[in-house]
Amino acid sequence: MLDLSVNIGSVPLRSPVIIASGTWGYDESLWRDDLLRHVGAVCSKAITESPKDGNPGHRIWETPCGLLNSIGLQNTGIDDFVDEKVPKLKSYGVPIIANVSMEDERGLARMVERLMEVADCVAAIELNVSCPNVDKGCMSWGVSPVLTSQAVSMVREVWRGPLWVKMTPQAPDPEGVARAAEDSGADALVVANTWLGMAIDVDGRKAVFDRVVAGFSGPAVFPMALRLVWQVSSAVSIPVIGCGGVSSGRDLLAMIMAGATAIELGTGMFRDIRLPENILREVKAYMTEEKVEELRSLVGVAKK
Amino acid sequence: MSGNVDDFPCKITAREMVGEDILSIRVRCPSIAESIYPGQFVLLRDPSWGMDPLLMRPFAVSAVHGEDLELLIKLVGRGTSLLAGRSVGDDLVVRGPMGRGFSSPESSPIYVAGALGAAPLLFARQVFGAGRFVLGVPGEGWGPFVDYLEARCPEMEVFSDDGSIGVRGTALDGLEKGESHPVYACGPMGMMAAIVKLEPLSCQVSLESRMACGIGACCGCVIETIQGKRRVCADGPVFNLEEVVWNA
Ligand SMILES: Cc1cc2nc3c(=O)[nH]c(=O)nc-3n(C[C@H](O)[C@H](O)[C@H](O)COP(=O)(O)OP(=O)(O)OC[C@H]3O[C@@H](n4cnc5c(N)ncnc54)[C@H](O)[C@@H]3O)c2cc1C
Ligand SMILES: Cc1cc2nc3c(=O)[nH]c(=O)nc-3n(C[C@H](O)[C@H](O)[C@H](O)COP(=O)(O)O)c2cc1C
Ligand code: FES
């Protein structure tokens, strides 16, 4: 019997495949067992203190093997998440990871306090200090070890449950940020979020996005995300969750071999709604062929 | 979003170029064919694309024939040009049925189409019944497309900007001010925005937007409405004319 279950600190997951924030909807028709049976957990869309309308203008732009997005954290706010979304989501039986987007300290404290009311329905908080698509806060916290540590400590004061920190690949010293998060009480690190990019509309002779820069994701970023996973997992002793461009079973295996305990899938879900199932089929075939019984035995093997 | 959205491997069962850059194809997809409703759409990907193009492409369904979906596709860029190179028997991946369609009319509707906007309206006509069908096209080069549509919809009233096909003018020249029949419209944004000035008693419009997921997850396809930003893929693509903020 192949064992694909993993533990992210104290959070047991039946599958190493987690759906990344911002890439799965709340519509009931998506939370069917036949689609989600192969998924370990689903991250919520970023939650902010107040509802946000997101960015004007173009929001997505395809590139060869990649995707630029400038959504700008459109969401209905923490009160709607706690009062309306969580009661519905908990009935589906898939662990929910609350992706909390950090703008400022007061907002963060209020969000975590509200999440405490539904702590038994939230498998972990994923502290997002890494969104590149908003002017206020967010990524500016994640590029600095000191500010990351401050943010993590603030959540830790209120939140006793599992706490993951979603890092930005824009941090000049990713190991420093990772260690700061670990030392301040993070239980796991998600490595990483989107990469800063941009596009020019050559016909229109102007930048495609109103904010000029946008977040880059998809298969094109996989080698860079893999490198970060290797680096960060060597610098900390808490579990690392690989995120960036994963789109096949072999990508998942590479992330695990580089030191990740699980992975998050984002953009890949857009082109294949059954990607978790298809990835796991490939991983199981590999494990059978190679006589690997427990997926977790492969964590970091490429470094040994 | 209604129904059970899923990705289905499907085969192309028929293909025909209707003019220089418009492709008509049929894909066999029984489960979508039996559940799709007029105004809903599908997303397509060709397995031969690999990761580039990365995203699926959205298209309206223009008719359902038994287990087959019929689509009308204008070749505008990479994805659609690659699709035009595929043959009968080739594989596609089809996701659907997506979005909210037209609501069923209380009296005979008027269909108002700008060019490829005819696609969802032909399917609406197939399900809701014939009514006036007004089509506007640019002119030169659109003859074969118009012939193709007229073969399916003999009552079609055709306008062209340059007067080379049908009557000179736009589809809106076929509408009366204060139209009392329900209007179902699909075409360029400018055309649909202009319908506002005609003050029809009721009008539903089918909109387009660039899409990443098509399932309501990414918020990449939003438009401005009087209730704030709404997702074209899951809250639409059909909206009431008066809901949409046209100058956004
Ligand atoms: C709900 C919906 C229904 C649609 N129905 C039809 C249909 O029945 N027939 C049809 O021919 N087209 C339809 N479209 C438009 C179609 O999706 C695009 O033309 C197609 O995705 C372009 O793909 P491409 O790879 O060839 O173009 P790309 O290489 O990606 O882009 C080339 C050009 O196409 C334009 N374009 C790209 N995406 C869209 C889009 N979503 N809408 C409008 N223009 C776009 C861009 O502005 C660009 O200039 C529909 C779009 C939506 C959202
Ligand atoms: C359209 C879109 C919306 C996203 N929204 C969020 C978000 O709300 N919060 C967040 O932490 N990450 C968000 N992300 C980042 C993804 O969760 C993921 O970290 C990133 O896309 C890299 O993974 P991928 O290459 O598999 O997509 C978003 C990504 C995309 C493409
Ligand atoms: S395309 Fe993703 S929400 Fe509409």
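Chain B carries the name FAD-binding oxidoreductase in an unreviewed UniProt entry, which gives Dethiosulfovibrio marinus as its organism. Quoted verbatim from the Sequence similarities (unreviewed entry) heading of the UniProt record, the comment on chain B is "Belongs to the PyrK family."

Looking at an unreviewed UniProt entry, chain A carries the name Dihydroorotate dehydrogenase, with the source organism given as Dethiosulfovibrio marinus. We quote the UniProt Sequence similarities (unreviewed entry) comment for chain A here in full: "Belongs to the dihydroorotate dehydrogenase family. Type 1 subfamily." Of chain A, the UniProt comment under Function (unreviewed entry) reads exactly: "Catalyzes the conversion of dihydroorotate to orotate."

A. Here's a closer look at the UniProt feature "active site" (unreviewed entry) in chain A. Residues and elements named next belong to chain A. Residues given the UniProt feature "active site" (unreviewed entry) here are Cys131. Assignment of secondary structure puts Cys131 in the loop between strand E8 (124-128) and helix H4 (139-142). A residue is classified by how much of its surface remains accessible, and Cys131, at 7% relative accessible area, is buried.

B. Structural context of the side chain of Arg32 of chain A. Within the secondary structure layout, Arg32 of chain A lies in the loop between strand E3 (17-19) and helix H1 (33-36). Here Arg32 of chain A is in contact with Arg274 of chain A together with Asn4, Val5 and Asp6 of chain B, once residues within four sequence places are set aside.

C. How the structure looks around the interface of chain A and chain B. Taken together, the 34 residues of chain A in the interface contact 30 residues of chain B. Summed over both sides, the interface between chain A and chain B buries roughly 2,800 Å², with carbon and sulfur atoms accounting for 55% of that surface. Counting the surface chain A buries against chain B, the share from its top three residues, Glu62, Phe270 and Arg271 of chain A, is 27%. In this assembly, chain A and chain B are joined by five salt bridges.

D. Structural detail: helix H4 (residues 143-152) of chain B. Residue and element names in this part refer to chain B. Phe145, Val146, Tyr148 and Leu149 are the residues of H4 that are buried. Mapping the buried residues of H4 onto a view down its axis gives an arc of 160°, with all of them on the same face. Residues of H4 that are exposed and point over 90 degrees away from its buried face: Asp147 and Ala151. Against the buried residues of H4 lie strand E1 (6-17), strand E2 (22-28), strand E6 (68-74), helix H3 (118-128), strand E9 (132-137) and strand E10 (157-160).

E. Fine view of the sheet that holds strand E16 (residues 262-265) of chain A. Residue and element names in this part refer to chain A. One closed barrel holds the eight strands; their spatial order is E3-E4-E7-E8-E9-E10-E15-E16, and the pairing between them is parallel. Each adjacent strand pair in this sheet contributes to an overall mean axis angle of 25°, direction not counted. Here five bridges tie strand E7 (residues 96-101) to E8, and the two strands are oriented parallel to one another. Considered in E8, the bridge of Ile97 is made with Ala124. The strands touched by helix H3 (residues 105-116) within the sheet are E7 and E8, with E7 carrying the most contacts at an inclination of about 160°.

F. Molecular detail of the site of ligand 1. Residue and element names in this part refer to chain B. Near ligand 1 you find 20 residues, and of these Arg57, Pro58, Lys74, Gly79 and Thr80 are the closest. Interatomic distance of 3.1 Å between a backbone N/O atom of Arg78 and an oxygen atom of ligand 1. Here an oxygen atom of ligand 1 and a side-chain polar atom of Thr80 are 2.5 Å apart. Its free accessible area being 850 Å², ligand 1 has 76% of it covered by the protein chains.

G. Structural detail: the UniProt feature "domain: FAD-binding FR-type" (unreviewed entry) in chain B. Those places that UniProt annotates as "domain: FAD-binding FR-type" (unreviewed entry) correspond, in this numbering, to residues 5-104 of chain B. Between the end C-alpha atoms of residues 5-104 of chain B the distance is 21 Å, and the span holds 13% helix and 46% strand.

H. Summary view of the packing of aromatic side chains. A complete count under the given rule lists seven aromatic pairs over all chains for this structure. Note on Trp31 of chain A and Tyr92 of chain A: the rings are 5.3 Å apart at their centroids and 25° apart in plane angle, and the pair reads as stacked. With Trp31 of chain A in the loop between E3 and H1 and Tyr92 of chain A in the loop between helix H2 (77-90) and E7, the pair connects residues that are 61 residues apart, well separated along the chain. Pairing Tyr111 of chain B with Phe133 of chain B gives two aromatic rings, centres 5.6 Å apart and planes at 35°, and the pair type is tilted. Residue Tyr111 of chain B is found in strand E8 (residues 110-114), and its partner Phe133 of chain B is found in strand E9; the two are separated by 22 residues along the sequence. Members of the aromatic cluster, connected to one another through ring pairs, are Tyr37, Phe102, Tyr111, Phe128, Phe133 and Tyr184 of chain B.

I. The arrangement of the packing of helix H8 (residues 249-257) of chain A against helix H10 (residues 275-290) of chain A in detail. Residue and element names in this part refer to chain A. Across the interface, H8 lies against H10 with an axial gap of 7 Å and an inter-helix angle of 65°. The two elements H8 and H10 meet at a crossing, and its hand is right-handed. Where H8 abuts H10, its residues Gly249, Arg250, Leu252, Leu253 and Met257 lie against Ile279, Glu282, Val283 and Tyr286. Taken together, the residues of the contact of H8 with H10 break down into six nonpolar, one polar and two charged.

Scoring rules and cut-offs
Residues numbered from 1 in each chain as written. Chains lettered and ligands numbered in written order. Predicted model: local features only at pLDDT ≥ 70, side-chain atom pairs only at ≥ 80, totals over all residues. Heavy atoms only, no water. UniProt positions renumbered as here; feature names shortened; annotations may be inferred. Helix = DSSP H or I, 4+ residues; strand = E, 2+ residues; numbered from the N terminus. Buried < 20%, exposed > 50% of the residue type's maximum accessible area, 1.4 Å probe, protein only. Contact = heavy atoms within 4.5 Å. Buried area = accessible area lost by both parts, 1.4 Å probe. Salt bridge = Lys/Arg side-chain N within 4 Å of Asp/Glu carboxyl O. Arc of directions from axis to C-beta. Pairing = 2+ DSSP bridges. Axes fitted to C-alpha atoms, helices over the stretch in contact; angles between N-to-C directions. Near = heavy atom within 4 Å. Polar contact = N/O pair within 3.5 Å; in protein donor to acceptor, adjacent residues only side chain to side chain. Areas by Shrake-Rupley, 256 points an atom, 1.4 Å probe, with all protein chains shown as cover. Phe/Tyr/Trp six-rings, centres within 6.5 Å; stacked < 30°, edge-to-face > 60°. Left-handed = near helix turned anticlockwise from the far one by under 90°. Nonpolar A, V, L, I, M, F, W, Y, C, P; charged D, E, K, R; others polar.

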